Amino acid sequence: MSPMSTTFSATNPIRVMLVDDSAVVRGFIGRILENKPDIKVVASVANGEQGITSAARHLPDIVILDIEMPVMDGITALPKILAASPNSKVLMCSTLTLRNAEITMKAFSLGATDCIAKPSNSSEIHSASDFKTDIVRLVRSIARGRASSSSMTPADTTSPAAKNTAAPSLAKGTFTGGANSALINKTAYELRKPPLGDSFIPSLLAIGSSTGGPQALFKFIPHLKGLDVPIILTQHMPATFTKILAQHIEQQTGIKAVEGENGMVIEKNKVFVAPGGFH
């Protein structure tokens with residue numbers, strides 16, 4: 001496939017494939033997405049095996065993938081879908097249970113980009129205004145990220161010394177870069193380079209992440225070992241998922257991590273994950 005345009009519209013929509021054994025859920029999600037002019041559902045199938053075949057045929061931008069399905073479940077299908085359509089991004093969509101939260105964390109290690117908790121029954125479907133907003137936001141956000149990564153310029157090979165030399169020339173200028181070009185002539189930034197020998201030691205490190213965050217966190221947080229400060233993390237996830245996220249951060253990074261609780265004392269060398277709904 002050729003690199004995607006970063007602008008989506010009715011003539012260049014975000015192409016979505018739905019994989020869920022429930023026809024009701026597929027219809028519900030399909031209607032939400034098809035109601036947006038910049039999103040098009042190109043396939044809707046009932047299990048992972050069909051998802052692999054359809055992914056190879058349609059090469060969707062986004063795959064919305066259920067976990068528990070007959071014939072082939074979502075976790076088994078996930079790497080095969082990505083092999084069949086390497087440029088696709090996968091959004092895991094499952095009911096909000098501890099077991100599914102655990103499985104979703106495994107899905108991130110297999111290449112999933114993000115997750116969303118779907119309504120579990122018909123009454124929730126009819127009152128799921130938050131879900132409707134969130135799934136459209138996630139689809140658009142993931143698609144923008146996919147488009148940006150597919151159209152990136154070659155890696156910067158400038159030496160660190162050259163970059164350090166160039167840094168002062170950016171001081172007190174108007175920011176004129178890439179995705180933030182909308183800021184041109186609107187906001188001035190000053191980039192400061194501390195004198196040699198100076199070092200900044202924070203008393204707290206705060207991290208905010210949303211779409212694609214878990215994958216990035218598992219790569220980033222291990223580099224914080226030895227940083228003798230508390231780490232506060234807000235990740236846009238459902239409540240049940242943030243507790244499991246904290247457990248997996250500790251397992252995969254070796255840094256102690258917990259889901260934050262009211263009144264908890266903030267300690268150094270520890271990650272505190274804001275509970276879903278409180279970020």
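Conventions we followed
- Residues numbered from 1 in each chain as written.
- Predicted model: local features only at pLDDT ≥ 70, side-chain atom pairs only at ≥ 80, totals over all residues.
- Heavy atoms only, no water.
- Axes fitted to C-alpha atoms, helices over the stretch in contact; angles between N-to-C directions.
- Helix = DSSP H or I, 4+ residues; strand = E, 2+ residues; numbered from the N terminus.
- Parallel < 35°, antiparallel > 145°, perpendicular 65-115°, else oblique.
- Left-handed = near helix turned anticlockwise from the far one by under 90°.
- Contact = heavy atoms within 4.5 Å.
- Phe/Tyr/Trp six-rings, centres within 6.5 Å; stacked < 30°, edge-to-face > 60°.
- Buried < 20%, exposed > 50% of the residue type's maximum accessible area, 1.4 Å probe, protein only.
- Core = buried A, V, L, I, M, F, W, Y, C linked by side-chain atoms within 4.5 Å.
- Pairing = 2+ DSSP bridges.

Peer 1: Hey, could you go over the packing of helix 4 (residues 98-109) against helix 9 (residues 239-253) for me, with residue numbers and the actual values?
Peer 2: Each pair of packed helices can be described by the angle between their axes along with the distance between the axes. Their axes nearest at 9 Å, the elements helix 4 and helix 9 cross at an angle of 45°. Taken together, the axis directions place helix 4 and helix 9 in an arrangement best described as oblique. Two packed elements cross with a definite hand, and for helix 4 against helix 9 that hand is right-handed. Here helix 4 contributes Leu-98, Ala-101, Glu-102, Thr-104 and Met-105 to the contact with helix 9, which in turn contributes Thr-240, Phe-241, Ile-244, Leu-245, Gln-247 and His-248.

Peer 1: Tell me about the packing of aromatic side chains, residues and numbers included.
Peer 2: Each aromatic ring pair is summarised here by two numbers: the centre-to-centre distance and the angle between the ring planes. Counted under the stated rule, the structure contains one aromatic pair. Between Phe-28 and Phe-131, the ring centres sit 5.7 Å apart and the planes meet at 20°, which makes this aromatic pair stacked. Here Phe-131 lies in helix 6 (residues 129-150) and Phe-28 lies in helix 1 (residues 23-34), a separation of 103 residues in the sequence. Across the pair, exposure class does not vary: Phe-28 and Phe-131 are buried alike.

Peer 1: I'd like a rundown of the nonpolar core, residues and numbers included.
Peer 2: Of all hydrophobic cores here, the largest spans 42 residues; its most connected members are Leu-65, Leu-78, Met-92, Ile-249 and Val-271. Residues contacting Leu-78, with those up to four places away along its chain left out, are Leu-65, Val-90, Met-92, Ala-107, Leu-110 and Ala-112.

Peer 1: Tell me about the sheet that holds strand 3 (residues 62-65), and please be specific about residues and values.
Peer 2: Each strand in a sheet pairs with another by means of backbone hydrogen bonds, the pair being arranged parallel or else antiparallel. Pairing within the open sheet is parallel, and its five strands lie in the order 2-1-3-4-5. Of all strands in the sheet, those with a lone pairing partner are strand 2 (39-45) and strand 5 (114-117), marking the two edges. On average, adjacent strands in this sheet sit at an angle of 25° to one another, irrespective of strand direction. Judged from the six bridges that link them, strand 1 (residues 14-19) and strand 2 form a sheet pairing that is parallel. In the strand pairing of strand 2, Arg-15 is matched with Lys-40.

Peer 1: How would you summarise the environment of Lys-268 if you had to cite specific residues and measurements?
Peer 2: Residue placement: Lys-268 occurs in the loop between strand 10 (257-259) and strand 11 (271-273). For Lys-268, a relative accessible area of 52% gives the class exposed. Counting along the chain gives 12 residues from Lys-268 to Lys-256, while the straight-line C-alpha distance between them is 9.9 Å. Residue contacts for Lys-268: discarding those within four places in its chain leaves Asp-228, Val-229 and Pro-230.

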